[in-house]
Every structure is written in C-alpha cells, then in structure tokens.
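Listed below, chain by chain, are the residues.
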Amino acid sequence: MRIALFEPEIAGNVGAVMRLCACLGASVDLIEPMGFPWDDRRVRRAAMDYIDHVAVTRHASFAAFRETLGQSRLVLFTTKTDQNAYAFAYRADDVLLFGKESAGVTAEVLAAADARVRLPMRAEVRSLNLATSAALALGEALRQTGGLPPG
C-alpha cells in the first residue's frame, strides 16, 4: 500500500507520514512542487531515524505520479464526497491520496481519482491534520486488507 501526498506544504507533516509508513510498512509518494526545500531539517526531525526504513518516491508532477499507478486504484481522501472511509472496501494495492494542507487537490486530481472517501468528523470542525488523516486512513486500509504488521 502507498500513501501519496499532493503538493505537501508542511515539512513536519511529511516527516510524520514518513514515520507512519515506516512503522506500518507502506511507501510514500511525494507529488511536487512541495512548499519547503526537500533537505529541510524539519522533515528529518519528524521522521527521525525512521527515514531509513521507508521507501519515498518524489514525482515532478501529478502526471508523472499517475504513470506509476499501473492497476492500482487512486483513493482520494477529501471533504468533497459522502462516501465514508470506514465503509469503503480497500484493496492491498490501493494508493491513498491526500491533498495539500491549505487547498486540497485540483479539479484535475479530483477527476482522476478512482474513488473518493471522507473521514467522518464532527460538523463544527473543519479538518484533521494531514498526518492524522493519513494515520486513520492507512490503519483502516491495512486492517481491512490484512496488512497490519504482526504484534
């Protein structure tokens, strides 16, 4: 399973997602441009020594990223749907896509998604943190597909 981040803006979020994926055995796709320099020390600080235990692939654009999908489904986490992320049936080769912190994804990316799902939350709040959303999503997807690490 893969987590893809569309034009992430906050180095700490990327680092936290990298650490998450290292712990749970998923890879990370970063779709550029990013809102910070890749060598930013905040990424390394958030990912800590876990950075050496996760496969990270950077893509120059969304089009370049799409070329790597093969038969995998692109599952977009968005507020622009009523499909509950916990009622969705995940597959082991799904790519879980998250938009940039300030604006989500473009219309092109929204249209390219094979599925759109929403993490349920209380109506009086706007959104979850990117890394928190990724953790909830990846945990559920791996639980459903039997991909959680033993222990």
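Right above here is the structure, for reference.
Residues numbered from 1 in each chain as written. Predicted model: local features only at pLDDT ≥ 70, side-chain atom pairs only at ≥ 80, totals over all residues. Heavy atoms only, no water.

**Q** Sorry, what's going on with the overall build of the protein chain here?
**A** Within the protein chain, the secondary structure is distributed over five helices and six strands. Starting at the N terminus and ending at the C terminus, the protein chain contains elements arranged as β-α-β-α-β-α-β-β-α-β-α. Whereas a compact globule of 151 residues would reach a radius of gyration of roughly 15 Å, the protein chain reaches 14 Å, a difference of no more than 12%. In the protein chain, which comprises 151 residues, the share counted as buried stands at 44%. Of the contacts made within the protein chain by residues no fewer than 6 positions apart, 76% connect residues no fewer than 24 positions apart. Just so you have it, the protein chain exposes about 7,900 Å², and 50% of that area is on carbon and sulfur atoms. (Helix = DSSP H or I, 4+ residues; strand = E, 2+ residues; numbered from the N terminus. Rg over C-alpha atoms; globule rule 2.2 N^0.38 Å. Buried < 20%, exposed > 50% of the residue type's maximum accessible area, 1.4 Å probe, protein only. Contact = heavy atoms within 4.5 Å. Areas by Shrake-Rupley, 256 points an atom, 1.4 Å probe, with all protein chains shown as cover.)

**Q** Quick question: what am I supposed to make of the side chain of Arg2 here?
**A** Mapped onto the secondary structure, Arg2 falls in strand E1 (residues 2–6). At a separation of 2.9 Å, a polar atom in the side chain of Arg2 contacts the side chain of Thr68. Not counting the four nearest positions on each side in its chain, Arg2 is found in contact with Ser27, Asp29, Phe65, Thr68, Leu69, Asp94, Val95 and Leu96. (Polar contact = N/O pair within 3.5 Å; in protein donor to acceptor, adjacent residues only side chain to side chain.)

**Q** How should a nonpolar patch on the surface be read in this particular structure?
**A** A cluster of nonpolar side chains, Tyr86, Met121, Val125, Leu128 and Leu136, forms an exposed patch at the surface whose accessible area comes to about 380 Å². Among the structural elements, Leu136 can be located in helix H5 (residues 130–145). (Patch = residues over 30% accessible without salt bridge, like charges linked within 9 Å, V, L, I, M, F, W, Y side chains within 5 Å. Salt bridge = Lys/Arg side-chain N within 4 Å of Asp/Glu carboxyl O.)

**Q** Would you explain helix H1 (residues 11–24) in this entry?
**A** For an α-helix, the turn length of 3.6 residues means that residues three or four places apart are oriented alike. With 14 residues, H1 extends 20 Å between its outermost C-alpha atoms, agreeing within 8% with the 20 Å of an ideal straight helix rising 1.5 Å per residue. Restricting attention to buried positions, one finds in H1 the residues Ala11, Asn13, Val14, Gly15, Val17, Met18, Leu20, Cys21 and Ala22. Remark: Gly25 follows H1 within two positions and exhibits a positive phi of approximately 85°. (Expected span 1.5 Å × (residues − 1).)

**Q** Would you take a moment to explain the nonpolar core for this structure?
**A** Looking at soluble globular proteins, one finds that nonpolar side chains tend to be buried together. Ile3, Phe77, Tyr90, Leu96, Phe98 and Leu138 are the most contacted members of the largest nonpolar core, which totals 35 residues. Counting only elements with at least two residues in this core, the list comes to E1, H1, strand E2 (27–31), strand E4 (74–77), strand E5 (95–98), strand E6 (115–117) and H5. Beyond its immediate stretch of four places on either side in the chain, Leu138 contacts Met1, Ile3, Leu20, Cys21, Leu24, Ala26 and Leu96. (Core = buried A, V, L, I, M, F, W, Y, C linked by side-chain atoms within 4.5 Å.)

**Q** Sorry if this is basic, but what is going on with unusual backbone geometry here?
**A** Excluding glycine, residues mostly have negative phi values, and the peptide bonds linking residues are mostly trans. Geometrically, the link from Glu32 to Pro33 is a cis peptide bond, its omega value of 10° lying close to zero. Position of Pro33 relative to the elements: it lies in the loop between E2 and helix H2 (41–47). In this model, Glu7 sits at a positive phi of 45°, which is unusual for a non-glycine residue. Relative to the helices and strands, Glu7 resides in the loop between E1 and H1.

None of this, on its own, says anything about what the molecule does.
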